[in-house]
Amino acid sequence: MNTPDPDPAPRPRQTASAPSDSCAAGCPEALAQNLPGVVVERRVEWPDTDAAGHYHHSTVVRWVEAAEAVLLRRLGLAHLFGSTPRVHFEADYQARLWFGETVRTELRVVKVGTSSLHYAFTVRGEGEETAATGRMVVAHSASRATGSTAWPDDVREVLTKSGPQAPELFA
């Protein structure tokens, strides 16, 4: 009886130098290039800070959700507001950001499930220092549904094939 090797040796990475070596649109590397993402630039405002003068941990949630709003609007999916509750949020805080500092939040779709959407995010301060990283998962719950519902085909198409969006930066 042949059993599959539980720990197969890694395959060498293929290059796109020849058509036979290309993964076309089916391999994870190609699919990831098509997943949408956006960078949104803001400033650390006074209400974003705590008594020590640096950003409060909860501000990251707001920056990530603001980036999500920009992304969904850019994708023509603003109608999803109100039907995508958060089911998971986690963040690792790595550096302080101070009042008045420019902040860039990069939000990327990393997985589109049957009814879930997985995001990864990075928050950077001036000088591109990483201040926080994490992930957020939302579930699709259609109007009047009692639980999660599958993404409509047209929404799934946009979420899996739109690619990176133009950043929203200060002028």
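Residues numbered from 1 in each chain as written. Predicted model: local features only at pLDDT ≥ 70, side-chain atom pairs only at ≥ 80, totals over all residues. Heavy atoms only, no water.

**Side note on the side chain of His140**
- As for its placement among the helices and strands, His140 is situated in the loop between strand S5 (130–139) and helix H3 (153–161).
- Sequence-distant contacts of His140, defined by excluding residues within four places in its chain, comprise Leu80, Ser83, Ser115, Gly147, Ser148, Thr149, Ala150, Trp151 and Pro152. (Helix = DSSP H or I, 4+ residues; strand = E, 2+ residues; numbered from the N terminus. Contact = heavy atoms within 4.5 Å.)

**Some remarks on the side chain of Thr84**
- Mapped onto the fold, Thr84 is located in the loop between helix H2 (59–74) and strand S2 (86–93).
- Thr84 gets classed as buried once you look at its relative accessible area, which sits at 11%.
- In contact with Thr84, other than residues within four places in its own chain, are Val138, Ala139 and Trp151. (Buried < 20%, exposed > 50% of the residue type's maximum accessible area, 1.4 Å probe, protein only.)

**Considerations on the confidence of the model for the chain**
- Residues of the chain with pLDDT of at least 70 account for 81%, and the chain-wide mean is 85.
- Below pLDDT 50 for its whole length, residues 1–25 participates in eight contacts with residues either more than four positions away or in separate chains. (pLDDT = per-residue confidence, 0-100.)

**Thoughts on the packing of aromatic side chains**
- The full count for this structure, using the stated rule, is four aromatic pairs.
- A ring pair is formed by Tyr55 and Trp63, whose centres lie 5.8 Å apart and whose planes are at 35 degrees; its orientation type is tilted.
- A residue is classified by how much of its surface remains accessible, and Tyr55, at 5% relative accessible area, is buried.
- With relative accessibility at 4%, the residue Trp63 sits in the buried group. (Phe/Tyr/Trp six-rings, centres within 6.5 Å; stacked < 30°, edge-to-face > 60°.)

**Remarks on the sheet that holds strand S1 (residues 37–43)**
- Here we have five strands laid out as an open sheet, ordered S1-S3-S4-S5-S2, and antiparallel in their pairing. Where the open sheet ends on each side, the last strands, each with one partner, are S1 and S2. Here the strands of the sheet are splayed against their neighbours by 15 degrees on average, with no regard to which way each runs.
- Alignment of S2 against S5, held across seven bridges, turns out to be antiparallel. The residue of S5 that forms the bridge with Glu90 is Arg135.
- Contacts from H2 reach S1, S2, strand S3 (102–112), strand S4 (116–124) and S5 within the one sheet, and its direction differs from that of S3 by about 60 degrees. (Pairing = 2+ DSSP bridges. Axes fitted to C-alpha atoms, helices over the stretch in contact; angles between N-to-C directions.)

**What to know about H2**
- Along its 16 residues, H2 runs 23 Å from first to last C-alpha, staying within 8% of the 22 Å computed at 1.5 Å per residue.
- By the burial criterion, the buried members of H2 are Thr59, Val60, Trp63, Val64, Ala67, Glu68, Ala69, Val70, Leu71 and Leu72.
- Tucked into the core, H2 has its buried residues touching S1, S2, S3, S4 and S5.
- Gly76, located one to two residues past H2, shows a positive phi value of around 75 degrees. (Expected span 1.5 Å × (residues − 1).)

**Let's talk about the environment of Arg144**
- Mapped onto the elements, Arg144 comes out in the loop between S5 and H3.
- Among the residues examined, Arg144 registers a relative accessible area of 84% and is labelled exposed.
- A sequence separation of 61 residues divides Arg144 from Ser83, and the C-alpha atoms of the two residues are 9.5 Å apart.

**Some words on the pattern of salt bridges**
- A complete count under the given rule lists eleven salt bridges for this structure.
- Between Glu65 and Arg86 there is a salt bridge whose closest N-O contact spans 2.7 Å. Of this pair, Glu65 sits in helix H2 while Arg86 is found in strand S2, placing the two residues 21 residues apart along the sequence.
- What makes Arg86 partly exposed here is its relative accessible area of 34%.
- Of the charged contacts in the structure, one is a salt bridge between Arg74 and Glu168, with a shortest N-O distance of 3.9 Å. With Arg74 in helix H2 and Glu168 in the segment after H3, this residue pair connects regions lying 94 residues apart in the sequence.
- Here Arg74 falls in the partly exposed class, since its relative accessible area comes to 34%.
- Through salt bridges with shared partners, a single network forms among Glu106, Arg108, Arg124 and Glu128. (Salt bridge = Lys/Arg side-chain N within 4 Å of Asp/Glu carboxyl O.)

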